[in-house]
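If you want the building blocks of each chain, they are given just below.
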Amino acid sequence: MQTNKAQRENWGTRFGFLMAATGSAVGLGNIWRFPYITGENGGSAFIIIYLLCIIAIGLSIMIAEFAVGRRTSLSAVGAYKSQNENWTFAGALGVLSAFFIMGFYPVVGGWSLAYVFKSATGLLAAPEAISSAFDAFAGATIEPLIWTIIYMVINVIIVAKGISGGIEKASKVLMPALFALLVIVIIKGINLPGASEGLAYLFKPDWSQVTGGTVLAALGQSFFTLSLGMGCMITYGSYLGKQERIPADATSVVAMDTMVAIMAGLAIFPALFAFGMEPTAGPGLVFVVVPAIFAHMGNVGPLISITFFAALTVAALTSSMSLLEVAVSYLIDEKKMNRKTATYLSAGIMTVMCILSSLSMGSLSGIKLFGVNFFDFFDILTDKIFLAIGGMLLTIFVGWFMRKEDLKNEITNNGTLPFGLFGVWYNIVKYVIPVVIAVVAIAGIAAIEQKSLMLFGLLVIVLLGVFSRKL
Ligand code: TRP
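All chains use their own residue numbering, which begins from 1 and follows the written sequence. Confidence filtering applies because this is a predicted model: local features only for residues at pLDDT of at least 70, side-chain atom pairs given and counted only at 80 or more, and all residues used for totals across whole chains, interfaces and linings. Values shown for side chains rest on all heavy atoms present in the structure; no hydrogens or waters enter the calculation.

1. Some words on the site of the ligand
Any residue with a heavy atom lying within 4 Å of a molecule or strand is counted as near it. Around the ligand, the surrounding shell holds 18 residues, and the nearest of these are Ala25, Gly29, Tyr105, Phe224 and Ser227. Measuring from an oxygen atom of the ligand, one finds a backbone N or O atom of Ala25 at 3.0 Å. Within the side chain of Tyr105, a nitrogen or oxygen atom sits 2.5 Å from an oxygen atom of the ligand. For the accessible areas, the method is Shrake-Rupley and the probe is 1.4 Å, while residue cover comes only from the protein chains on display. Contact with the protein chains hides 100% of the accessible area of the ligand, taken as 360 Å² for the molecule alone. Counting atoms within 2 Å of the grid points, the majority share of the ligand lands in the largest cavity. Within 3.5 Å is the distance limit for a polar contact, defined as a pair of N or O atoms, with the added protein rule that one can donate a hydrogen and the other accept it, and that residues adjacent in sequence qualify only through two side-chain atoms. Of the grid points, spaced at 1 Å and generated over the protein atoms alone, those admitting a 1.4 Å probe that cannot get out make up cavities, while open sets with protein on both sides within 12 Å along at least five of seven lines make up pockets; any residue with an atom within 4 Å of a point is treated as lining. Should more than half of a molecule's atoms lie within 2 Å of a pocket's or cavity's grid points, that molecule is taken to sit in it.

Structure, rendered in C-alpha coordinates:
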(Lines give C-alpha, C1' and ligand atoms only; values in the text may rest on other atoms or scores of the structure.)
Protein backbone atom coordinates (compact mmCIF):
# COMPACT_ATOMS: atom_id res chain seq x y z
CA MET A 1 0.00 0.00 0.00
CA GLN A 2 1.25 3.44 -0.88
CA THR A 3 -0.46 5.38 1.87
CA ASN A 4 -1.24 4.65 5.43
CA LYS A 5 -5.00 5.06 5.66
CA ALA A 6 -4.84 6.26 9.23
CA GLN A 7 -2.68 9.23 8.25
CA ARG A 8 -4.84 10.52 5.47
CA GLU A 9 -6.41 13.89 5.98
CA ASN A 10 -10.21 14.07 6.02
CA TRP A 11 -12.62 16.88 5.27
CA GLY A 12 -13.53 18.77 8.42
CA THR A 13 -17.29 18.66 8.02
CA ARG A 14 -19.92 17.38 5.62
CA PHE A 15 -20.60 21.00 4.69
CA GLY A 16 -16.91 21.54 4.02
CA PHE A 17 -16.78 18.55 1.70
CA LEU A 18 -19.96 19.57 -0.09
CA MET A 19 -18.61 23.07 -0.62
CA ALA A 20 -15.33 21.69 -1.95
CA ALA A 21 -16.98 19.17 -4.29
CA THR A 22 -19.58 21.67 -5.44
CA GLY A 23 -16.81 24.25 -5.71
CA SER A 24 -14.95 21.86 -7.99
CA ALA A 25 -18.02 21.22 -10.12
CA VAL A 26 -19.35 24.77 -10.34
CA GLY A 27 -16.86 26.82 -12.28
CA LEU A 28 -16.08 28.25 -15.65
CA GLY A 29 -17.74 25.17 -17.12
CA ASN A 30 -21.12 26.42 -15.97
CA ILE A 31 -20.93 30.14 -16.61
CA TRP A 32 -18.33 30.59 -19.31
CA ARG A 33 -18.47 27.34 -21.23
CA PHE A 34 -22.06 26.07 -20.99
CA PRO A 35 -23.64 29.14 -22.65
CA TYR A 36 -21.22 29.26 -25.55
CA ILE A 37 -21.25 25.50 -26.18
CA THR A 38 -25.05 25.70 -26.15
CA GLY A 39 -24.83 28.58 -28.62
CA GLU A 40 -22.49 26.67 -30.90
CA ASN A 41 -24.71 23.59 -30.81
CA GLY A 42 -28.02 25.17 -31.63
CA GLY A 43 -29.68 25.83 -28.27
CA SER A 44 -32.36 23.84 -26.49
CA ALA A 45 -32.04 20.47 -28.25
CA PHE A 46 -28.47 20.48 -26.99
CA ILE A 47 -29.62 21.39 -23.47
CA ILE A 48 -32.06 18.47 -23.37
CA ILE A 49 -29.38 15.99 -24.41
CA TYR A 50 -27.02 17.56 -21.88
CA LEU A 51 -29.57 17.14 -19.07
CA LEU A 52 -30.08 13.50 -20.05
CA CYS A 53 -26.32 12.94 -19.89
CA ILE A 54 -26.17 14.55 -16.44
CA ILE A 55 -28.97 12.46 -14.97
CA ALA A 56 -28.41 9.13 -16.69
CA ILE A 57 -24.62 9.10 -16.71
CA GLY A 58 -23.06 11.91 -14.69
CA LEU A 59 -24.74 11.17 -11.38
CA SER A 60 -23.90 7.46 -11.51
CA ILE A 61 -20.28 8.18 -12.35
CA MET A 62 -19.99 10.69 -9.53
CA ILE A 63 -21.25 8.09 -7.05
CA ALA A 64 -18.75 5.61 -8.51
CA GLU A 65 -15.84 8.06 -8.25
CA PHE A 66 -16.60 8.94 -4.63
CA ALA A 67 -16.91 5.25 -3.79
CA VAL A 68 -13.59 4.30 -5.43
CA GLY A 69 -11.81 7.22 -3.76
CA ARG A 70 -13.13 6.53 -0.29
CA ARG A 71 -12.62 2.78 -0.58
CA THR A 72 -8.97 3.08 -1.58
CA SER A 73 -8.10 6.31 0.27
CA LEU A 74 -5.89 7.10 -2.68
CA SER A 75 -5.87 9.63 -5.52
CA ALA A 76 -6.45 8.79 -9.18
CA VAL A 77 -3.43 6.66 -10.11
CA GLY A 78 -3.08 4.89 -6.76
CA ALA A 79 -6.78 4.13 -6.54
CA TYR A 80 -6.65 2.09 -9.75
CA LYS A 81 -3.19 0.66 -9.16
CA SER A 82 -3.98 -0.56 -5.65
CA GLN A 83 -6.85 -2.62 -7.02
CA ASN A 84 -5.30 -3.82 -10.26
CA GLU A 85 -1.89 -2.96 -11.70
CA ASN A 86 -3.11 -3.25 -15.27
CA TRP A 87 -5.44 -0.32 -14.66
CA THR A 88 -2.76 2.17 -13.69
CA PHE A 89 -3.08 3.77 -17.12
CA ALA A 90 -6.67 4.85 -16.44
CA GLY A 91 -5.48 6.88 -13.46
CA ALA A 92 -2.56 8.20 -15.47
CA LEU A 93 -4.95 9.39 -18.15
CA GLY A 94 -6.71 11.34 -15.41
CA VAL A 95 -3.51 13.05 -14.29
CA LEU A 96 -2.66 13.88 -17.89
CA SER A 97 -6.15 15.34 -18.32
CA ALA A 98 -5.60 17.49 -15.23
CA PHE A 99 -2.47 18.96 -16.83
CA PHE A 100 -4.25 19.54 -20.13
CA ILE A 101 -7.28 21.24 -18.59
CA MET A 102 -4.91 23.34 -16.51
CA GLY A 103 -3.25 24.26 -19.81
CA PHE A 104 -6.16 26.54 -20.71
CA TYR A 105 -8.48 26.92 -17.70
CA PRO A 106 -6.26 29.43 -15.85
CA VAL A 107 -6.13 31.55 -19.00
CA VAL A 108 -9.88 32.04 -18.73
CA GLY A 109 -9.53 32.42 -14.95
CA GLY A 110 -7.07 35.23 -15.68
CA TRP A 111 -9.55 36.91 -18.04
CA SER A 112 -12.14 36.74 -15.30
CA LEU A 113 -9.78 38.25 -12.76
CA ALA A 114 -8.86 40.99 -15.22
CA TYR A 115 -12.53 41.81 -15.70
CA VAL A 116 -12.92 42.48 -11.99
CA PHE A 117 -10.55 45.39 -12.50
CA LYS A 118 -11.71 46.36 -15.96
CA SER A 119 -15.28 46.65 -14.68
CA ALA A 120 -14.02 49.31 -12.29
CA THR A 121 -11.97 51.19 -14.84
CA GLY A 122 -14.35 52.23 -17.56
CA LEU A 123 -15.09 49.04 -19.49
CA LEU A 124 -18.81 49.65 -19.04
CA ALA A 125 -18.58 53.31 -20.00
CA ALA A 126 -18.37 52.42 -23.68
CA PRO A 127 -20.98 49.67 -24.19
CA GLU A 128 -20.55 49.64 -27.96
CA ALA A 129 -16.87 48.82 -27.59
CA ILE A 130 -17.19 45.93 -25.11
CA SER A 131 -16.98 43.24 -27.74
CA SER A 132 -13.95 44.62 -29.54
CA ALA A 133 -12.33 45.39 -26.19
CA PHE A 134 -12.52 41.72 -25.27
CA ASP A 135 -10.99 40.57 -28.55
CA ALA A 136 -8.19 43.09 -28.20
CA PHE A 137 -7.53 42.05 -24.59
CA ALA A 138 -7.56 38.28 -25.11
CA GLY A 139 -5.45 38.58 -28.24
CA ALA A 140 -2.82 40.82 -26.65
CA THR A 141 0.55 39.40 -25.67
CA ILE A 142 1.56 40.59 -22.23
CA GLU A 143 -1.58 41.73 -20.42
CA PRO A 144 -3.55 38.46 -20.36
CA LEU A 145 -0.36 36.58 -19.45
CA ILE A 146 0.11 38.71 -16.37
CA TRP A 147 -3.45 37.97 -15.22
CA THR A 148 -3.08 34.26 -15.91
CA ILE A 149 0.10 34.13 -13.88
CA ILE A 150 -1.49 36.02 -10.98
CA TYR A 151 -4.41 33.60 -11.12
CA MET A 152 -2.02 30.64 -11.13
CA VAL A 153 -0.07 32.01 -8.16
CA ILE A 154 -3.28 32.22 -6.12
CA ASN A 155 -3.93 28.56 -6.88
CA VAL A 156 -0.42 27.61 -5.87
CA ILE A 157 -0.60 29.47 -2.57
CA ILE A 158 -3.82 27.71 -1.60
CA VAL A 159 -2.95 24.21 -2.76
CA ALA A 160 0.58 24.36 -1.32
CA LYS A 161 -0.92 24.97 2.11
CA GLY A 162 -3.16 21.95 1.85
CA ILE A 163 -6.88 22.37 1.73
CA SER A 164 -7.11 25.27 4.13
CA GLY A 165 -10.06 27.13 5.58
CA GLY A 166 -9.37 30.24 3.52
CA ILE A 167 -10.93 29.32 0.21
CA GLU A 168 -13.69 27.39 1.93
CA LYS A 169 -14.60 30.51 3.85
CA ALA A 170 -14.44 32.63 0.72
CA SER A 171 -16.62 30.22 -1.25
CA LYS A 172 -19.23 30.15 1.48
CA VAL A 173 -19.71 33.88 0.93
CA LEU A 174 -18.96 34.27 -2.74
CA MET A 175 -20.82 31.24 -4.11
CA PRO A 176 -24.13 32.53 -2.69
CA ALA A 177 -23.15 35.99 -3.96
CA LEU A 178 -22.66 34.55 -7.43
CA PHE A 179 -26.07 32.96 -7.15
CA ALA A 180 -27.76 36.21 -6.13
CA LEU A 181 -26.04 38.11 -8.90
CA LEU A 182 -27.12 35.59 -11.48
CA VAL A 183 -30.70 36.12 -10.31
CA ILE A 184 -30.34 39.89 -10.77
CA VAL A 185 -28.88 39.48 -14.25
CA ILE A 186 -31.64 37.03 -15.18
CA ILE A 187 -34.41 39.40 -14.09
CA LYS A 188 -32.77 42.31 -15.85
CA GLY A 189 -32.15 40.28 -19.00
CA ILE A 190 -35.60 38.72 -19.27
CA ASN A 191 -37.22 42.13 -19.11
CA LEU A 192 -35.24 43.62 -21.95
CA PRO A 193 -37.27 44.21 -25.10
CA GLY A 194 -36.65 41.35 -27.54
CA ALA A 195 -35.63 38.88 -24.83
CA SER A 196 -38.33 36.35 -25.69
CA GLU A 197 -36.37 35.18 -28.71
CA GLY A 198 -33.65 34.10 -26.30
CA LEU A 199 -36.09 32.16 -24.16
CA ALA A 200 -37.39 30.39 -27.26
CA TYR A 201 -33.81 29.57 -28.19
CA LEU A 202 -33.31 28.01 -24.75
CA PHE A 203 -36.59 26.15 -24.46
CA LYS A 204 -37.87 25.31 -27.96
CA PRO A 205 -35.80 22.44 -29.32
CA ASP A 206 -34.82 22.35 -32.97
CA TRP A 207 -33.89 18.71 -33.49
CA SER A 208 -32.72 19.28 -37.05
CA GLN A 209 -29.49 20.70 -35.63
CA VAL A 210 -28.56 17.50 -33.78
CA THR A 211 -25.68 15.36 -35.06
CA GLY A 212 -23.33 12.81 -33.52
CA GLY A 213 -21.09 15.78 -32.80
CA THR A 214 -23.84 17.47 -30.79
CA VAL A 215 -24.29 14.43 -28.59
CA LEU A 216 -20.55 14.11 -28.02
CA ALA A 217 -20.40 17.80 -27.13
CA ALA A 218 -23.24 17.34 -24.62
CA LEU A 219 -21.58 14.27 -23.11
CA GLY A 220 -18.21 16.01 -22.90
CA GLN A 221 -19.77 19.07 -21.29
CA SER A 222 -21.59 16.94 -18.71
CA PHE A 223 -18.26 15.38 -17.66
CA PHE A 224 -16.47 18.70 -17.66
CA THR A 225 -19.04 20.54 -15.61
CA LEU A 226 -19.29 17.77 -13.00
CA SER A 227 -15.49 17.35 -12.80
CA LEU A 228 -15.78 13.70 -13.86
CA GLY A 229 -13.77 11.29 -15.93
CA MET A 230 -10.29 12.10 -14.66
CA GLY A 231 -10.11 11.09 -11.04
CA CYS A 232 -10.90 14.49 -9.54
CA MET A 233 -13.86 13.18 -7.58
CA ILE A 234 -11.87 10.01 -6.76
CA THR A 235 -9.28 12.27 -5.17
CA TYR A 236 -11.88 14.30 -3.27
CA GLY A 237 -13.65 11.09 -2.25
CA SER A 238 -10.36 9.80 -0.83
CA TYR A 239 -10.55 12.47 1.88
CA LEU A 240 -14.17 11.64 2.65
CA GLY A 241 -15.21 10.41 6.10
CA LYS A 242 -16.70 6.94 6.44
CA GLN A 243 -19.95 8.26 7.88
CA GLU A 244 -20.76 10.48 4.86
CA ARG A 245 -23.64 9.48 2.60
CA ILE A 246 -22.23 9.15 -0.89
CA PRO A 247 -25.49 8.98 -2.91
CA ALA A 248 -27.01 12.01 -1.17
CA ASP A 249 -23.82 14.04 -1.45
CA ALA A 250 -23.42 13.23 -5.14
CA THR A 251 -27.03 14.18 -5.78
CA SER A 252 -26.63 17.58 -4.12
CA VAL A 253 -23.47 18.36 -6.05
CA VAL A 254 -25.10 17.40 -9.36
CA ALA A 255 -28.26 19.37 -8.57
CA MET A 256 -26.41 22.54 -7.61
CA ASP A 257 -24.16 22.33 -10.62
CA THR A 258 -27.05 21.88 -13.03
CA MET A 259 -28.96 24.74 -11.49
CA VAL A 260 -26.06 27.14 -11.92
CA ALA A 261 -25.61 26.12 -15.57
CA ILE A 262 -29.27 26.69 -16.39
CA MET A 263 -29.18 30.00 -14.56
CA ALA A 264 -26.18 31.04 -16.61
CA GLY A 265 -28.15 30.23 -19.77
CA LEU A 266 -31.06 32.29 -18.52
CA ALA A 267 -28.74 35.13 -17.63
CA ILE A 268 -27.14 35.24 -21.03
CA PHE A 269 -29.43 34.23 -23.90
CA PRO A 270 -32.39 36.58 -23.44
CA ALA A 271 -30.02 39.54 -23.17
CA LEU A 272 -27.96 38.30 -26.05
CA PHE A 273 -30.91 38.22 -28.39
CA ALA A 274 -32.20 41.52 -27.02
CA PHE A 275 -28.88 43.15 -27.95
CA GLY A 276 -28.88 41.47 -31.37
CA MET A 277 -25.65 39.56 -30.69
CA GLU A 278 -24.71 36.18 -32.14
CA PRO A 279 -25.08 33.08 -29.90
CA THR A 280 -22.09 31.53 -31.65
CA ALA A 281 -19.60 34.07 -30.28
CA GLY A 282 -17.54 31.25 -28.73
CA PRO A 283 -15.28 31.57 -25.69
CA GLY A 284 -15.73 35.34 -25.40
CA LEU A 285 -19.50 35.12 -24.89
CA VAL A 286 -19.73 35.74 -21.14
CA PHE A 287 -17.08 38.47 -21.28
CA VAL A 288 -19.13 40.37 -23.84
CA VAL A 289 -22.80 39.84 -23.05
CA VAL A 290 -22.69 40.14 -19.28
CA PRO A 291 -20.77 43.46 -19.21
CA ALA A 292 -23.17 44.72 -21.88
CA ILE A 293 -26.09 44.02 -19.55
CA PHE A 294 -24.36 45.73 -16.62
CA ALA A 295 -23.57 48.73 -18.82
CA HIS A 296 -27.32 49.32 -19.11
CA MET A 297 -27.81 49.39 -15.35
CA GLY A 298 -26.65 52.93 -14.71
CA ASN A 299 -24.52 53.85 -11.70
CA VAL A 300 -24.70 50.47 -9.98
CA GLY A 301 -23.49 48.72 -13.15
CA PRO A 302 -19.75 48.80 -12.42
CA LEU A 303 -20.22 47.64 -8.83
CA ILE A 304 -22.38 44.71 -9.85
CA SER A 305 -20.00 43.86 -12.65
CA ILE A 306 -17.05 43.86 -10.25
CA THR A 307 -18.90 41.52 -7.90
CA PHE A 308 -20.02 39.25 -10.72
CA PHE A 309 -16.51 38.74 -12.06
CA ALA A 310 -15.10 38.40 -8.53
CA ALA A 311 -17.59 35.63 -7.86
CA LEU A 312 -16.83 34.03 -11.23
CA THR A 313 -13.14 34.14 -10.39
CA VAL A 314 -13.76 32.40 -7.08
CA ALA A 315 -15.96 29.78 -8.77
CA ALA A 316 -13.11 29.20 -11.22
CA LEU A 317 -10.54 29.06 -8.42
CA THR A 318 -12.32 26.38 -6.43
CA SER A 319 -12.39 24.32 -9.65
CA SER A 320 -8.81 24.84 -10.74
CA MET A 321 -7.62 24.05 -7.22
CA SER A 322 -9.27 20.68 -7.57
CA LEU A 323 -7.55 20.12 -10.91
CA LEU A 324 -4.18 21.07 -9.51
CA GLU A 325 -4.87 18.82 -6.53
CA VAL A 326 -5.24 15.80 -8.86
CA ALA A 327 -1.69 16.28 -10.12
CA VAL A 328 -0.32 17.18 -6.70
CA SER A 329 -1.91 14.26 -4.88
CA TYR A 330 -0.55 11.89 -7.54
CA LEU A 331 2.98 13.16 -6.95
CA ILE A 332 2.50 12.94 -3.17
CA ASP A 333 0.90 9.48 -3.11
CA GLU A 334 2.93 7.79 -5.83
CA LYS A 335 6.18 9.73 -6.06
CA LYS A 336 6.49 10.52 -2.35
CA MET A 337 7.08 14.19 -3.03
CA ASN A 338 6.26 16.70 -0.38
CA ARG A 339 3.23 18.88 -1.02
CA LYS A 340 5.12 22.10 -1.70
CA THR A 341 7.49 20.60 -4.25
CA ALA A 342 4.63 18.75 -5.91
CA THR A 343 2.59 21.94 -6.16
CA TYR A 344 5.41 24.09 -7.56
CA LEU A 345 6.41 21.45 -10.08
CA SER A 346 2.88 20.78 -11.38
CA ALA A 347 1.95 24.44 -11.48
CA GLY A 348 5.18 25.30 -13.25
CA ILE A 349 4.43 22.89 -16.07
CA MET A 350 0.84 24.07 -16.24
CA THR A 351 1.94 27.70 -16.44
CA VAL A 352 4.10 27.01 -19.47
CA MET A 353 1.12 25.34 -21.16
CA CYS A 354 -1.06 28.33 -20.26
CA ILE A 355 1.41 30.76 -21.76
CA LEU A 356 1.17 28.87 -25.05
CA SER A 357 -2.65 28.86 -24.83
CA SER A 358 -2.88 32.53 -24.04
CA LEU A 359 -0.50 33.51 -26.83
CA SER A 360 -2.42 31.30 -29.25
CA MET A 361 -5.27 33.83 -29.02
CA GLY A 362 -3.00 36.41 -30.61
CA SER A 363 0.66 36.34 -31.55
CA LEU A 364 0.92 32.54 -31.81
CA SER A 365 -2.43 32.05 -33.54
CA GLY A 366 -0.63 30.85 -36.65
CA ILE A 367 0.79 27.77 -34.91
CA LYS A 368 -1.50 24.78 -35.33
CA LEU A 369 -1.34 21.32 -33.83
CA PHE A 370 -3.54 18.90 -35.72
CA GLY A 371 -5.37 21.87 -37.23
CA VAL A 372 -6.10 23.78 -34.03
CA ASN A 373 -4.28 26.32 -31.85
CA PHE A 374 -2.81 25.47 -28.43
CA PHE A 375 -5.84 26.62 -26.49
CA ASP A 376 -8.22 24.45 -28.53
CA PHE A 377 -5.74 21.58 -28.55
CA PHE A 378 -5.86 21.25 -24.75
CA ASP A 379 -9.56 22.00 -24.59
CA ILE A 380 -10.81 19.69 -27.35
CA LEU A 381 -8.56 16.76 -26.41
CA THR A 382 -9.82 16.70 -22.84
CA ASP A 383 -13.40 17.67 -23.33
CA LYS A 384 -14.17 15.70 -26.48
CA ILE A 385 -12.18 12.60 -25.77
CA PHE A 386 -10.14 12.11 -22.57
CA LEU A 387 -12.95 12.79 -20.10
CA ALA A 388 -15.49 10.58 -21.86
CA ILE A 389 -12.99 7.75 -22.29
CA GLY A 390 -11.85 8.27 -18.69
CA GLY A 391 -15.45 7.95 -17.54
CA MET A 392 -15.92 4.83 -19.63
CA LEU A 393 -12.76 3.24 -18.20
CA LEU A 394 -13.91 4.06 -14.68
CA THR A 395 -17.27 2.39 -15.16
CA ILE A 396 -15.71 -0.69 -16.75
CA PHE A 397 -13.26 -0.88 -13.87
CA VAL A 398 -15.95 -0.47 -11.23
CA GLY A 399 -18.45 -2.76 -12.94
CA TRP A 400 -16.14 -5.57 -13.99
CA PHE A 401 -13.01 -5.40 -11.83
CA MET A 402 -14.26 -4.47 -8.38
CA ARG A 403 -16.31 -6.73 -6.12
CA LYS A 404 -19.99 -5.91 -6.04
CA GLU A 405 -20.06 -6.58 -2.29
CA ASP A 406 -17.27 -4.07 -1.66
CA LEU A 407 -19.07 -1.44 -3.66
CA LYS A 408 -22.30 -2.08 -1.87
CA ASN A 409 -20.59 -1.77 1.51
CA GLU A 410 -18.88 1.41 0.47
CA ILE A 411 -21.98 3.10 -0.89
CA THR A 412 -24.32 2.02 1.89
CA ASN A 413 -21.77 2.61 4.67
CA ASN A 414 -21.64 -1.13 5.44
CA GLY A 415 -25.36 -1.55 5.16
CA THR A 416 -26.24 1.16 7.65
CA LEU A 417 -27.55 3.46 4.95
CA PRO A 418 -30.54 2.42 2.89
CA PHE A 419 -29.88 2.84 -0.83
CA GLY A 420 -32.68 1.04 -2.66
CA LEU A 421 -31.32 2.02 -6.04
CA PHE A 422 -28.02 0.21 -5.57
CA GLY A 423 -28.96 -2.52 -8.07
CA VAL A 424 -30.08 0.04 -10.63
CA TRP A 425 -26.92 2.06 -10.14
CA TYR A 426 -24.74 -1.04 -10.43
CA ASN A 427 -26.31 -2.19 -13.67
CA ILE A 428 -26.16 1.28 -15.20
CA VAL A 429 -22.47 1.49 -14.34
CA LYS A 430 -21.66 -2.04 -15.44
CA TYR A 431 -23.64 -2.33 -18.67
CA VAL A 432 -25.30 0.86 -19.82
CA ILE A 433 -22.68 3.59 -19.47
CA PRO A 434 -19.75 1.81 -21.17
CA VAL A 435 -21.92 1.01 -24.17
CA VAL A 436 -23.50 4.46 -24.40
CA ILE A 437 -20.14 6.20 -24.19
CA ALA A 438 -18.63 3.88 -26.79
CA VAL A 439 -21.49 4.56 -29.21
CA VAL A 440 -21.46 8.32 -28.63
CA ALA A 441 -17.69 8.48 -28.90
CA ILE A 442 -17.62 6.59 -32.19
CA ALA A 443 -20.51 8.57 -33.72
CA GLY A 444 -19.15 11.83 -32.34
CA ILE A 445 -15.60 11.31 -33.48
CA ALA A 446 -16.91 10.38 -36.91
CA ALA A 447 -18.93 13.61 -37.07
CA ILE A 448 -16.21 15.90 -35.79
CA GLU A 449 -13.97 18.08 -37.93
CA GLN A 450 -10.70 17.53 -36.12
CA LYS A 451 -10.23 13.84 -36.96
CA SER A 452 -6.46 13.82 -36.83
CA LEU A 453 -6.62 15.38 -33.37
CA MET A 454 -9.02 12.65 -32.21
CA LEU A 455 -6.73 9.95 -33.56
CA PHE A 456 -3.82 11.57 -31.77
CA GLY A 457 -5.85 11.49 -28.54
CA LEU A 458 -6.59 7.80 -28.94
CA LEU A 459 -2.93 7.13 -29.65
CA VAL A 460 -1.99 8.89 -26.40
CA ILE A 461 -4.36 6.63 -24.48
CA VAL A 462 -2.86 3.52 -26.09
CA LEU A 463 0.67 4.71 -25.30
CA LEU A 464 -0.30 5.31 -21.68
CA GLY A 465 -1.58 1.75 -21.60
CA VAL A 466 1.77 0.47 -22.84
CA PHE A 467 4.00 2.50 -20.52
CA SER A 468 1.80 2.84 -17.45
CA ARG A 469 3.56 0.29 -15.29
CA LYS A 470 6.34 2.80 -14.76
CA LEU A 471 3.96 5.39 -13.26
N1 TRP B 1 -16.07 21.35 -13.28
C2 TRP B 1 -15.25 22.53 -13.40
C3 TRP B 1 -16.05 23.58 -14.16
O4 TRP B 1 -17.14 23.34 -14.56
C5 TRP B 1 -13.93 22.26 -14.05
C6 TRP B 1 -13.24 21.10 -13.45
C7 TRP B 1 -12.74 20.98 -12.20
C8 TRP B 1 -13.05 19.85 -14.06
N9 TRP B 1 -12.26 19.73 -12.00
C10 TRP B 1 -12.43 19.03 -13.13
C11 TRP B 1 -13.36 19.39 -15.31
C12 TRP B 1 -12.15 17.71 -13.43
C13 TRP B 1 -13.05 18.08 -15.62
C14 TRP B 1 -12.48 17.25 -14.70
O15 TRP B 1 -15.55 24.66 -14.37
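2. As for empty space enclosed by the protein
Grid points are joined across faces, edges and corners, and a volume is the space filled by probe spheres set on the points. Tallied over the entire structure, the rule returns five cavities of 30 Å³ or more. Approximately 140 Å³ is the volume attributed to the largest cavity. If you list the elements that add at least two residues to the lining of the largest cavity, you get α1 (14–25), α2 (28–40), α11 (212–225) and α15 (301–335). Here the residues of the lining of the largest cavity are counted per class, giving eleven nonpolar, eight polar and no charged. Working definition: helices are DSSP H or I runs of at least four residues, strands are E runs of at least two. Numbering for both runs from the N terminus. Here the nonpolar group is Ala, Val, Leu, Ile, Met, Phe, Trp, Tyr, Cys and Pro; Asp, Glu, Lys and Arg are the charged ones; every other residue, Gly included, is treated as polar.

3. Here's the deal with the nonpolar core
Trp32, Trp111, Val398 and Trp425 are the most contacted members of the largest nonpolar core, which totals 170 residues. Excluding anything up to four places from it in sequence, Trp111 contacts Trp32, Phe134, Phe137, Ala138, Pro144, Pro283, Phe287, Met361 and Phe375. Buried Ala, Val, Leu, Ile, Met, Phe, Trp, Tyr and Cys residues that are joined via side-chain atoms within 4.5 Å together make up what is termed a nonpolar core. Any residue under 20% of the maximum accessible area for its type is buried, any over 50% is exposed, and the rest in between are partly exposed; the area is computed with a 1.4 Å probe on protein chains only. Contacts are residue-level and defined by heavy atoms, with any inter-residue pair within 4.5 Å sufficient.

4. As for the packing of aromatic side chains
Any Phe, Tyr or Trp ring, taking Trp's six-membered ring, that has another such ring centre within 6.5 Å forms a pair; planes under 30 degrees apart are called stacked, those over 60 apart edge-to-face, and the others tilted. Applying the stated rule across the entire model yields 36 aromatic pairs. Grouped by ring-pair contacts, the aromatic residues Phe104, Tyr105, Trp111, Tyr115, Phe134, Phe137, Phe224, Phe287, Phe294, Phe308, Phe309 and Phe375 constitute a single cluster. Of note, Arg33 hangs over the ring of Phe224, and the distance from its end group to the ring centre comes to 4.8 Å. A cation over a ring is seen here: Lys430 above Trp400, with NZ or CZ 4.3 Å from the ring centre. Note on geometry: a ring has a charge over it if NZ (lysine) or CZ (arginine) is within 6 Å of the ring centre and within 35 degrees of the ring normal.

5. Structural notes on the confidence of the model for the protein chain
Per-residue confidence from the predictor is reported as pLDDT, a score between 0 and 100. Residues at a pLDDT of 70 or more form 96% of the protein chain, whose mean pLDDT is 89. Per-residue pLDDT stays below 50 along residues 1–6; that stretch engages in 15 contacts with residues further than four places along the chain or on separate chains.

6. Some details on the packing of helix α3 (residues 44–72) against helix α13 (residues 246–274)
Lines fitted to the C-alpha atoms define the axes, with helices restricted to the stretch that makes contact. Angles between their N-to-C directions range from 0 to 180 degrees. Put simply, α3 and α13 touch, their axes get as near as 9 Å, and they point 145° apart. Classified by chirality, the crossing of α13 by α3 is right-handed. Only Ile246, Pro247, Ala250, Thr251, Val253, Val254, Asp257, Thr258, Ala261 and Ile262 of α13 make contact with α3, whose side of the interface consists of Ile47, Tyr50, Leu51, Ile54, Leu59, Met62, Ile63, Phe66, Ala67 and Arg70. The residue inventory of the contact of α3 with α13, partitioned by class, reads 16 nonpolar, two polar and two charged. Crossings are assigned a handedness: left-handed for a near helix turned anticlockwise from the far helix by less than a right angle, right-handed for a clockwise turn.

7. Section: the layout of surface pockets
Counted as a void, the largest pocket has a volume near 540 Å³. Lining the largest pocket are 22 residues; nearest its centre among them are Glu40, Asn41, Lys384, Glu449 and Gln450. Put simply, the parts of the chain that give the lining of the largest pocket at least two residues each are α2, α11 and α17 (374–401). Element by element, the count of residues in the lining of the largest pocket is highest for α17, at five residues.

8. Looking at unusual backbone geometry
One non-glycine residue, Ser73, lies in the positive phi region at around 50°. Within the secondary structure layout, Ser73 lies in the loop between α3 and α4 (76–83). For Ser227, which is not glycine, the phi torsion reads 60° and is therefore positive. As for its position among the elements, Ser227 is in the loop between α11 and α12 (232–238). What makes Ser227 buried here is its relative accessible area of 10%.

9. Some words on the environment of Met402
Along the chain, the position of Met402 falls in the loop between α17 and α18 (404–411). Its relative accessible area of 8% is what places Met402 among the buried residues. C-alpha separation for the pair Met402 and Met175, spaced 227 residues apart in sequence, amounts to 37 Å. Those residues in contact with Met402 that lie beyond four places of it in its chain are Val68, Arg71, Gln83, Phe397 and Leu407.

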